[in-house]
Amino acid sequence: MKISKRLRAIGDLIEDNSFILDVGCDHALLDIYVVTNKKNVKAIASDINEGPLKGARDNIRKYDLEDKIVLSNSDGLGSYQEGVDVIILSGLGSTTIINILIGGKDILDNIDEIIISSNNDYDYLRKNLGILGFTVDKELIVKDRNKYYQVIKFKKGILNYNKYELKYGKISSDSTYIEYLNFNRKKLLEIYKLLGFKHFFSKIKIGEEIRYIDRTLQKLKNMV
């Protein structure tokens, strides 16, 4: 089965013997990938929209996985069942993701891992997962169809990141991470050049972020 690089990266972070709740499952391709490539994994594929669930139902039947993947038409964490230990949230904005988790806050006591690939605001995402009592276990940058995505696995713990690590993640020698830093540096530099004096404080803030990226890239260069 062919799935996107982003979904594959999420799936590869799931461990054997997991019971996952995939919130916003779309056509359940991630769930199918996981249960067929990991040992003893069960999944609840949840979505609020009947259209994606119909596609998910057809795909699950196609691969004869009705005994391993349960479909649920539900919002947020409403599909939670006892025994679920991993929550997956992908393809949503960070504000929506945090609202979903806060809405099911009592459930989080039973959850070992939360795997997230949001579409934006990674600093907001990490900061609020920290407030909810989770820290980053693993994180990586994935380039899929010419877009960059951060895929992050959270586990229970105390998050200790500075403001730039909240946005970009911990320093990594991975080539895609370096490419991602350069991509963001270019965008920030373009904005910096366009800002006039009336945006003085914004320009200072962006300049500081560019210098952080430069220091990080130099540090990585020195590590080679």
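Residues numbered from 1 in each chain as written. Predicted model: local features only at pLDDT ≥ 70, side-chain atom pairs only at ≥ 80, totals over all residues. Heavy atoms only, no water.

### Quick notes on the packing of helix 1 (residues 5-12) against helix 2 (residues 29-37)
Axis separation between helix 1 and helix 2 bottoms out at 9 Å; the angle between their running directions is 45 degrees. Judged by the angle between their axes, helix 1 and helix 2 are oblique. Two packed elements cross with a definite hand, and for helix 1 against helix 2 that hand is right-handed. The residues of helix 2 that touch helix 1, namely those facing L7, R8, I10, G11 and D12, are L29, L30, Y33 and V34. Of the residues assigned to the contact of helix 1 with helix 2, the class counts are 6 nonpolar, 1 polar and 2 charged. (Axes fitted to C-alpha atoms, helices over the stretch in contact; angles between N-to-C directions. Helix = DSSP H or I, 4+ residues; strand = E, 2+ residues; numbered from the N terminus. Parallel < 35°, antiparallel > 145°, perpendicular 65-115°, else oblique. Left-handed = near helix turned anticlockwise from the far one by under 90°. Contact = heavy atoms within 4.5 Å. Nonpolar A, V, L, I, M, F, W, Y, C, P; charged D, E, K, R; others polar.)

### Some details on helix 4 (residues 94-103)
Residue pairs spaced three or four apart in an α-helix point in one direction, given the helix's 3.6 residues per turn. Looking at helix 4, one finds that the buried residues are S94, I97, I98, I100 and L101. For helix 4, the angular spread of the buried residues around the axis is 155 degrees, confining them to a single face. Residues of helix 4 that are buried make contact with strand 1 (19-23), strand 4 (86-90), strand 5 (113-117) and helix 5 (122-131). (Buried < 20%, exposed > 50% of the residue type's maximum accessible area, 1.4 Å probe, protein only. Arc of directions from axis to C-beta.)

### Things to note about the environment of I213
Within the secondary structure layout, I213 lies in helix 8 (residues 200-223). Its relative accessible area of 0% is what places I213 among the buried residues.

### Some details on the sheet that holds strand 1
Taken in spatial order, the 7 strands make up an open sheet running 3-2-1-4-5-7-6, and their pairing is mixed. A strand with exactly one partner marks an edge of an open sheet, and here the two such strands are strand 3 (69-73) and strand 6 (134-144). Shown here is a sheet whose adjacent strand axes are inclined to one another by a mean of 15 degrees, direction ignored. Judged from the 4 bridges that link them, strand 1 and strand 4 form a sheet pairing that is parallel. The partner of L21 across the bridge, within strand 4, is I87. Lying over the sheet, helix 3 (residues 50-62) contacts strand 2 (42-47) and strand 3, oriented at roughly 165 degrees with respect to strand 3. (Pairing = 2+ DSSP bridges.)

### Regarding unusual backbone geometry
Positive phi values are uncommon outside glycine, yet N40 reaches one of about 55 degrees. Along the chain, N40 turns up in the loop between helix 2 and strand 2. Using a relative accessible area of 57% as the deciding quantity, one classes N40 as exposed. Notably, N146 is not glycine yet its phi reads approximately 65 degrees, a positive angle. Counting through the fold element by element, N146 comes out in the loop between strand 6 and strand 7 (147-156). On the basis of relative accessible area, N146 is assigned to the exposed category, the value being 68%.

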